[in-house]
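# What the coordinates show
For reference, the chains in residue letters:
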Amino acid sequence: LGAGPGPLRRPPREHLEAPVLPVLTYEPLDPATVTNPYPVLAALREQAPVSWHDGMSSWLVTRYADCTAVLRDHNTFARDRRRTGQQVPAASLSVQSLDPPGQASVRSLFMNALRAQDLPGLETRARDRAAALLREAAERPSFEVMSELAAPLSLAVVCDLLGVDEPPLAEFAAASDAIMRSMDGGLDPALIEPGRQAREELTALVDSWFTETGRPSGLLAHVRAHTPAGTGETEELFVRNTARVMFQGGYSTMTAALGNALHTLTAHPEAQEQLRANPRLVPKAAEELVRFDGPVQGTSRTAIRKTSIAGIPIPAGDPVVLLFAAANRDPARFAEPDQLLLERRDNRHLGYGWGTHSCIGTRAAQACVRVVLDALRTHRTPLRLTGRAQRQPSATMRTFAALPATLHP
Ligand code: HEM
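The following paragraphs examine the structure supplied in this document. (Residues numbered from 1 in each chain as written. Predicted model: local features only at pLDDT ≥ 70, side-chain atom pairs only at ≥ 80, totals over all residues. Heavy atoms only, no water.)

Looking now at the overall build of the protein. A tally of helices and strands in the protein yields 14 helices and 14 strands. In terms of C-alpha radius of gyration, the protein reaches 21 Å, essentially the compact-globule figure of 22 Å for 409 residues. Each principal axis of the C-alpha distribution contributes one length, and for the protein these read about 60 × 55 × 40 Å. Within the protein, buried positions represent 56% of all 409 residues. Residue pairs at least 24 apart in sequence account for 71% of intrachain contacts in the protein once pairs closer than 6 positions are excluded. A total of about 17,600 Å² of accessible surface is found on the protein, and carbon and sulfur atoms cover 53% of it. Taking the average place of the 44 positive charges on the side chains of the protein and the average place of its 44 negative ones, the gap between the two points comes to 4 Å. (Helix = DSSP H or I, 4+ residues; strand = E, 2+ residues; numbered from the N terminus. Rg over C-alpha atoms; globule rule 2.2 N^0.38 Å. Buried < 20%, exposed > 50% of the residue type's maximum accessible area, 1.4 Å probe, protein only. Contact = heavy atoms within 4.5 Å. Areas by Shrake-Rupley, 256 points an atom, 1.4 Å probe, with all protein chains shown as cover. Lys, Arg positive; Asp, Glu negative; His and termini not counted. Charge placed at Lys NZ, Arg CZ, Asp CG, Glu CD.)

Written as C-alpha cells, this is what we have:
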C-alpha cells in the first residue's frame, strides 16, 4: 500500500474516458475501517473496481480477476521501483523488491532451500510448542492471544525454519512492529524513521548469521552452502535482505494471521464446533480463515508504460494498489464470499499473494495455522473472548494489538 489516505474522486483529467465514480470514501486508517474494512471494500469493488485514490496517489484495484491480471503482467507492472527511475534504499533490495528476471536467482535460492527442509519435522515441533503454549494459557483464567500464543509460536516456527536461535521476544517484537507499521509510511510519514532504525537493528542480527558460524542445518545453512562462489556484493546484499524479510516479515505476518484466525473463530462458535467434530476439516479451514480475514491487505506495483485495467486507462508511472482483502471476497470468484465456509472448495485466494511475488513461506505458514487449529479443537472448551479485541491501527497489515481470551467455560 504505502501512501496517504483521502477521498476517492473522479480520475484526473487525462482519464476522462473512465466512468464517473460515486462519492465513496476509503480511509484505510479510519477506526471504523480498521475494525471492519469489508463493507467499504465491497462498495469499491461494486461501484468503482478500478479507481484513483488521491491521498494514496494510487489506483486501487479490488476485483479478483483484475488483481491477478496485474500480478501476471510484470512486464507492464513493476514491483522494482528502479524500473520507473525511482531510488530504492539498499536495505530494501530483496526478493520482494526485485522483478524477474533479476529476481529469479535469489527467489530460487530460497525456494530450493525451503524444499530441502524437513517440513513434517517442523510441523511436529510447532505442534508441540502450540500445545504447550495453549496448556499454559489454559492454566490461567484468561490470557492475551497475541503476546502469549500467536507471537511466541510464530517466532519459534520462523527461527526453526531458518535455523537460527530465537532472539528475546519482547525486543524483537518491538523492532518488528516498527518495520511493519512503517509499511504505512505513505499514510503517516512519522512511521518511516522508526521503521528504518528497526531495519538497521535487524540487519546487524541477520548479518551475524552470515558472518559468524551459523547452525549447520536449517534454511539459511542451505542458502549459505548454495550461494554460488563469486557472488557479487550486490547479490550478497539481496540474499541477506531476503533472509531479513523472511525472518521479520514471516514472523509478523504469521502472528497477524494467527490472531485474525483465532478472532474469527471466537466470532463463529459454530465453526469451532465443526472443527471439534471433524479433524479432517483442519487443512481447508486453515485456508478459509486466511481468505476470510487474512493479514496482508494488499500489494503495490507501478505501471511502467501506458496501459489499462478493466478498460480504465492507466498512465505510465502511476502506482497501482491491488487490494487482496477486497479480491478475496469477490462474489465473481467466491460463492457466498462473506460467509466463513470451512469446507470451501476451489479456494485459490490471494491471502498468500499470487505469481512471482507470492509468499515463499506458504507451506510453513499453512502448517502453523493447522497446528493451532488442532491444539484448539482438542482442548476441552472452545476459545472465547473475555474483553475488547483491539486492532492495530495499521492499513497494510491487518492485525490485533490485543486479543483477551479464555479457554474456560
Ligand atoms: C499465514 C502467514 C502468512 C501469510 C498470510 C503471508 C502472506 C504473504 C503475501 C500475501 C505475500 C505477497 C506480498 C506481495 O505480493 O507484496 C507474501 C510474501 C512473502 N512471504 Fe509470506 N505470509 C505468511 C507467512 C510467511 C512466513 C512464515 C514466511 C517465511 C518464513 C514468509 C515469507 C515471505 C516472503 C519472503 C515473501 C516475499 C516473496 C517475494 O516477494 O518474492 N511468509 N507473504
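Read on for the rest.
A few words now on the site of the ligand. Around the ligand, a shell composed of 25 residues is seen, among which R79, R107, T299, H357 and C359 lie nearest. Side-chain polar atom of R79 to an oxygen atom of the ligand: 2.7 Å apart, as the coordinates give it. Q103 is positioned such that a nitrogen or oxygen atom in its side chain is 3.2 Å from an oxygen atom of the ligand. Take the shell around the ligand: its biggest share by element is five residues, from helix α10 (residues 233-267). Looking at the shell around the ligand residue by residue, the classes come out as 12 nonpolar, 11 polar and two charged. (Near = heavy atom within 4 Å. Polar contact = N/O pair within 3.5 Å; in protein donor to acceptor, adjacent residues only side chain to side chain. Nonpolar A, V, L, I, M, F, W, Y, C, P; charged D, E, K, R; others polar.)

Turning to empty space enclosed by the protein, a few remarks are in order. On inspection of all chains with the given rule, the structure shows two cavities of 30 Å³ or more. When its volume is computed, the largest cavity comes out at roughly 100 Å³. Forming the boundary of the largest cavity are 13 residues, of which P28, V34, Q297, S394 and A395 lie nearest the centre. Looking at the lining of the largest cavity residue by residue, the classes come out as six nonpolar, five polar and two charged. Approximately 50 Å³ is the volume found for the second largest cavity. Contributing elements (two or more residues each) for the lining of the second largest cavity: α12 (282-292) and α13 (324-327). Residues belonging to the lining of the second largest cavity are distributed by class as follows: five nonpolar, four polar and one charged. (1 Å grid on protein atoms, 1.4 Å probe; cavity = no way out; pocket = protein on both sides within 12 Å on 5 of 7 lines; lining within 4 Å. Points joined across faces, edges and corners; volume = space filled by probe spheres on them.)

To continue, consider the nonpolar core. One finds F110, L162, L219, L220, F247 and L373 to be the most contacted residues of the largest nonpolar core, which totals 81 residues. A per-element tally of this core places helix α6 (residues 145-162) first, with 12 residues. If we ignore the near neighbours within four places in the chain, the residues touching L219 are F110, A113, L114, Q117, L161, L162, G163 and M246. Ranked by size, the runner-up nonpolar core spans 19 residues in total, among them C67, V70, F324 and L350. (Core = buried A, V, L, I, M, F, W, Y, C linked by side-chain atoms within 4.5 Å.)

In short, the description is geometric, and any link to function would need to be established separately.
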